[in-house]
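Summary of structural features
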Amino acid sequence: MPDQAVTARPGSTVRLVLGSDLYRRAAVSLFLGGLGISIAMPQLSLFLVEELGASLPVAGLFFLTNLAAPVFGFLVGSWSDRLTDRLLLFRVGAVVGLVGWVLMALSTQVWMAFAVNLVVIGFAGATSSLIFAAVRDRLTHVPTGADNRVMSTVRLGFSLGFMTGPIVGSVVGGTAGLRVTLVVAGVCTLLQAAPMIGRRVERAVPEPTASAAAPNSPTGSGGPTGASPAPRASLVPLLTFLGLGVLAMCGDTIKFAYLPLYLELQLGTPDWLRGVVISTQSVGMLIFIPIAGVLADRFGAHRLVVGSVLLGVLANLGFVIAGSELVLIGATLLNSAMWATLGGIGITVAQDLHPSGIGLASSLYFSAIRFSAAIGGIAGGLGVGWFGVPGVFVVPAALCLLSAGGLFVLAVRRGRPASV
């Protein structure tokens with residue numbers, strides 16, 4: 001696509017994405033990445049218990065290895081912000097991901113699986129987010145006036161892959177075994193780099209501000225692609241946003257851990273209906289992500305994120321008071337609306353809060369999602385001991401309320417009246 005401005009009219013975003021070689025390839029890459037992750041993740045607990053002989057409590061502790069995700073996010077993001085083309089690091093990460101899942105499949109001891117997920121797969125997961133940084137680079141070079149819509153439409157690729165993976169993983173696991181399933185996940189992780197073969201997106205470097213320019217160079221040293229990077233802005237707003245986002249996102253771990261138990265043990269829900277309730281979130285996200293992109297471009301991404309987290313409060317309270325599957329489906333739809341915004345639009349908010357380091361913002365954002373899973377496991381374990389099921393959902397409701405309040409204050413302090 002030539003480097004000239006493109007104006008996205010309502011309803012034209014899909015055509016814009018499909019008409020751009022980079023955006024189209026990015027969506028396919030994200031589909032394969034989401035497929036790889038979701039093939040493996042539902043099978044990992046079974047693998048640890050059945051193949052490696054781990055106890056159930058030890059298997060639960062496995063996801064605490066995600067606590068290291070922000071470290072890799074910081075290292076990978078900072079590294080990518082010094083490269084001319086950050087897709088090079090993305091391709092390296094895809095190869096490392098294949099190696100990681102193969103090593104996981106070959107593990108014979110529980111500690112080996114922990115170490116592989118902590119180091120190898122942790123690094124590969126951090127590099128996957130660089131697709132979003134590359135898309136943002138192109139949006140900087142070729143403005144569309146619809147950054148949120150483009151980003152959320154490309155993000156749909158990941159959601160489609162994430163929905164498809166558990167089905168593929170179950171089929172492969174049932175026919176070929178759990179170790180083969182992990183190898184298949186690694187192959188998909190490698191294949192996510194295939195659409196980006198031959199693609200190069202030059203990193204966009206923000207213009208130096210007048211006050212930051214050197215005394216002997218009053219106007220700075222160049223434009224978006226050739227200038228020396230401007231002095232980095234403070235990381236505090238970005239880290240604050242991510243910390244508040246983790247409070248809202250960690251409820252998903254609690255939901256996936258305890259909602260199936262509530263449905264089966266207390267409501268006596270049939271298997272097919274239990275599957276409908278759980279899958280409602282993924283289906284809802286496919287509907288809500290494009291809507292979130294349109295609303296964010298119209299009303300502001302910051303404002304939309306605050307409102308969506310408030311929907312998370314209502315969703316979790318719905319889980320608490322629900323006495324029927326119909327109410328649970330409604331609450332799950334509210335939760336999917338929150339995730340559609342946090343997952344589809346939250347990345348652009350993170351990038352906006354740290355424009356001098358788009359790669360760092362992107363990798364830290366997706367590392368925060370992994371980090372939130374570990375925090376959710378801890379919060380859920382404590383909460384279920386205090387409140388039982390479904391009372392445990394009071395915990396994510398309270399965390400979402402705290403998150404929404406903090407996000408509102410952050411938006412106000414950033415001095416963005418249109419996005420408060």
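Read on for an overview of the structure.

**A word on the packing of aromatic side chains**
This model, assessed by the stated rule, comprises 6 aromatic pairs. Considering the side-chain rings of Phe 319 and Phe 393, the 5.1 Å spacing of their centres and the 55 degrees angle between planes classify their relative orientation as tilted. Linking Phe 319 in helix H13 (residues 301-321) with Phe 393 in the loop between helix H16 (358-387) and helix H17 (394-413), this pair joins segments that are 74 residues apart in sequence. Each member of the pair, Phe 319 as well as Phe 393, is classed as buried. Taking the centre distance of 6.3 Å and the plane angle of 85 degrees together, the rings of Trp 386 and Phe 387 count as edge-to-face. Residue class for Trp 386 comes out exposed when judged on its relative accessible area of 62%. The class of Phe 387 is partly exposed, set by a relative accessible area of 47%. What links up through ring pairs into an aromatic cluster is the set Phe 132, Tyr 365 and Phe 366.

**Observations regarding empty space enclosed by the protein**
Enumeration over the complete set of coordinates arrives at 2 cavities of 30 Å³ or more. What the second largest cavity holds in volume is close to 50 Å³. Lining the second largest cavity, in full, are Phe 241, His 302, Val 305, Val 306, Val 349, Leu 407, Leu 410 and Ala 411. Taken together, the elements giving at least two residues each to the lining of the second largest cavity come down to H13 and H17. Each residue belonging to the lining of the second largest cavity can be placed in one class, and the counts come to 7 nonpolar, 1 polar and no charged.

**Focus: the environment of Gly 380**
Tracing the backbone shows Gly 380 in helix H16. For Gly 380, a relative accessible area of 1% translates into the label buried. For the pair Gly 380 and Gly 251, spaced 129 residues apart in the sequence, the C-alpha separation amounts to 8.1 Å. With near-sequence residues (within four places) excluded, Gly 380 lies in contact with Ile 254, Tyr 258 and Val 392.

Parameters and conventions
- Residues numbered from 1 in each chain as written.
- Predicted model: local features only at pLDDT ≥ 70, side-chain atom pairs only at ≥ 80, totals over all residues.
- Heavy atoms only, no water.
- Phe/Tyr/Trp six-rings, centres within 6.5 Å; stacked < 30°, edge-to-face > 60°.
- Helix = DSSP H or I, 4+ residues; strand = E, 2+ residues; numbered from the N terminus.
- Buried < 20%, exposed > 50% of the residue type's maximum accessible area, 1.4 Å probe, protein only.
- 1 Å grid on protein atoms, 1.4 Å probe; cavity = no way out; pocket = protein on both sides within 12 Å on 5 of 7 lines; lining within 4 Å.
- Points joined across faces, edges and corners; volume = space filled by probe spheres on them.
- Nonpolar A, V, L, I, M, F, W, Y, C, P; charged D, E, K, R; others polar.
- Contact = heavy atoms within 4.5 Å.

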